[in-house]
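Fold and geometry: a report
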Amino acid sequence: MPSEPSATAAVAEALDALGIERLVLGVHESAFPAAAPDCGHGSPHAAGAPLLEFVRGLGFDTLQLGPGGQITDGNPSPYDGSVFARNVLRLDVLALTRADGGALLRADEIERAVAATPARGDVAEPRRARRIVTPLLELAHDRFRQLRADHAAVRAFRTFRAEARDWVELDAIYEVLAARTRCDDPARLDPAIRSLFEPGPAAAERRRLVAMNLEEPIEAAVFAQWLLDHQARALRAAAHARGLRVLGDLQIGWSVRDRFLRPQLFARGWLMGAPPSRTNPKGQPWGYALLDPDQLDDADSPARAAFLLQLRWLLRGHDGLRIDHPHGLVCPWIYAAGQPDPAAAVRAGTRAFESPDRDDAALRRWAIARVEDLDPAVERHADAWVRRLDGAQVARYARLFDVVVRTVHEHGGGDLAAEVLSTCPMPLRAVLDRAGLGRFVVTQKANPADPGDVYRTDRAGRQDWVMLGNHDTPPIFALAERWLREGRAAARAAWLAERLEPDVRARAAAAARFCASPSALCHAMLADLFLGPAGRVFVYWTDLFGASQPFNRAGIVHRDNWRQRLPCDYRAAYEARRAAGCALDLRAALALALHARGARPDLGHMLAQQVERPDRTALPR
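Bear in mind that the values here come from a model prediction, so they are computed numbers and not experimental data.

Residues Gly 320 and Arg 322 of strand β6 (residues 320-323) are buried on one face, and the alternating residues Leu 321 and Ile 323, pointing to the opposite face, are buried as well. By the bridge criterion, 4 bridges tie strand β3 (residues 245-250) to β6 in an arrangement that is parallel. Across the sheet, residue Gly 248 finds its bridge partner in β6, namely Leu 321. As paired strands, β6 and strand β9 (residues 416-418) are joined by 3 bridges and run parallel to one another. Residue pairing for β9: Arg 322 is matched across the bridge by Ala 417.

Below, the structure written as structure tokens:
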């Protein structure tokens, strides 16, 4: 008699029966659990194989990471981090105790460094992490310099330095000078230091002379980037060994550091933000630099070359990419720089490539859409502002997007996910269609009473990515509890019953079950994701674990943003919360989805039996 398949195998069978191509878990780097000893910042490298096995054991086949760039002490957002230099706080320092890395540190040295800087709680603490990691890196580099020239680690470091020469030396010089002056804000650097990074050969020569006197600390900064590059590729290999893919996050913004070091890449006088939308009716003045549109048609221009370089280095440690706000690559919303009220400026902004009607020479020069292609009867930021385009115009809109698609294909053809939320202007829709890509469907935002709502799963396309929420939304259990408390869950439960209960006569009872508890409602919503037609399901870790607080409060500065972490005992914590009905169980949701489809009743029954928790009110009977 054949044995019952494992929970992982049963989930895989159910996903296949439902036509789901990808099941993705999203975890930003700072949210990874503390390793022993805890240096104060999450690290996918330090979390290691046990977490990968936990993720795969739940049935996920893909791990989505966030941007991994260097952040500043005053801004922990990974979306404002550097695009080339990786965040040294993500380093697994314990790996430097192993012989294959040259045994550059001892475990007791790490333990003493951690003990000397006590943790304030189980959250990410970038300042504390920097106080721990910086001296450990210095010590490791001192010992690295004592290795023989033919040591494997030394040879690997030299290879990396040669491969990264287009960016790493410039970033390393900046890193050293910023650290020595204890200032990581380019605007507040000493004028003499700022002058070293001006464009042109004169500043380059002054920078070379300064670098000659800082050879050792500059090498140490490059050394840290080599370690991070090695660990990122090792993480990818470890994930592959466990049947997991790893996706990176292509941030749309270039950091303040990048703008300072590479001003020749960007347009002057304009900044990029988000226009008024359903998500943010007032818009968002992000203050991001705009890649110079005058360079985008030239494949050999500095801006195009830097963008390609960014992609290639990001893909060294990832199988594919999530494109953060692809509007910025296709039809960026821009506003005038240097305004006293950025919020008002962004509301009065425009799209860079569809403003031929504006009295500005640059906007007319950059325009792809013609005046006759526009609809003056709608708002400038509306999806329908551009009402028609020909093939040549779409190709120009796609010039950066095509670079992404081509580069991902060259690196093995991994997944591409475009973070298109409530707004999808016509040029962007045309570019996505050209690439065969979909959008994001965030179902917690759906209005079940509106058949045309883009966040309803029945409106999704096969190439779309469906999810309960993401890093910018309230966790689903907290939201469901609020809906039930405020009496706002009934309409959603009734709509879910239509989706999940094929027997019309049983739908009222199903809706009542879904309203019985936050867990029942959350599992019905999760099951809805698996019904299609979208073939890609994304779950953010705060939803999986039933967190009570959001990871990030979008559009506002908050002291708790980007700080929340998975618990150290994540496996035990998850099992306890799942058993209590306070965390998501994929098996419960898949059993519901199979019932809704009338598919594999044997498998659905088995999955339901595997769910060992008291709250089973959402399961079909």
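This next bit is on the nonpolar core. Among the nonpolar cores identified, the biggest contains 196 residues, and Trp 366, Tyr 397, Val 404 and Phe 530 are the most heavily contacted of them. Those residues in contact with Trp 366, other than ones at most four positions away along the chain, are Ala 267, Trp 270, Leu 290, Pro 293, Asp 294, Ile 334, Ala 352 and Phe 353.

As summarised here, the arrangement of the 8 strands in space is β9-β6-β3-β2-β1-β12-β11-β10, forming an open sheet in which the pairing is parallel. Two strands in the sheet have a free side with no partner beyond their single neighbour: β9 and β10 (440-442). With strand direction ignored, the average angle separating the axes of adjacent strands in the sheet is 25°. Alignment of strand β1 (residues 22-26) against strand β2 (residues 62-64), held across 3 bridges, turns out to be parallel. Bridge pairing in β2 links Leu 25 to Leu 63.

As a further point, take helix α18 (residues 476-485). An α-helical turn contains 3.6 residues, so any two residues separated by three or four positions project in the same direction. The set of residues buried in α18 consists of Ile 476, Phe 477, Leu 479, Ala 480 and Trp 483. Along α18, the residues classed as buried sweep out an arc of 160° about the axis, all on the same side. Against α19 (490-500), α21 (518-529) and α22 (541-544) lie the buried residues of α18. Positive backbone phi, approximately 70°, marks Gly 487, located one or two places after α18.

Here we take up the sheet that holds strand β5 (residues 284-291). Each strand in a sheet pairs with another by means of backbone hydrogen bonds, the pair being arranged parallel or else antiparallel. Reading across from one edge, β5-β4-β7-β8 is the order of the 4 strands in this open sheet, with antiparallel pairing throughout. The open sheet has two free edges, formed respectively by β5 and β8 (350-351), since each of these has just one partner strand. Note: strand β4 (residues 266-274) against strand β7 (residues 333-336), 4 bridges, orientation antiparallel. Each residue of the ladder has a partner; that of Trp 270, found in β7, is Ala 336.

Reading the values: rules and limits
- Numbering of residues starts from 1 in each chain and follows the order in which that chain's sequence is written.
- Local features in this predicted model are restricted to residues whose pLDDT is 70 or higher, and side-chain atom pairs enter the listing and the counts only when it is 80 or higher, whereas totals over whole chains, interfaces and linings include all residues.
- Computation of side-chain values covers all heavy atoms of the structure but excludes hydrogens and water.
- Using a 1.4 Å probe on the protein chains alone, a residue whose accessible area is under 20% of its type maximum counts as buried, one over 50% counts as exposed, and one in between counts as partly exposed.
- Note on conventions: DSSP H or I runs of at least 4 residues are helices, E runs of at least 2 residues are strands, and numbering of each starts at the N terminus.
- Note on pairing: DSSP must find at least two bridges between two strands before they are called paired.
- Definition used in this section: a nonpolar core is a set of buried Ala, Val, Leu, Ile, Met, Phe, Trp, Tyr and Cys residues joined via side-chain atoms within 4.5 Å.
- Contacts are assigned to residue pairs with any non-hydrogen atoms lying within 4.5 Å of each other.
- Here the axes come from fitting lines to C-alpha atoms, over the contacting stretch only for helices, and the angles between their N-to-C directions go from 0 to 180 degrees.
- To obtain the arc, one takes the directions from the helix axis to the C-beta atoms.

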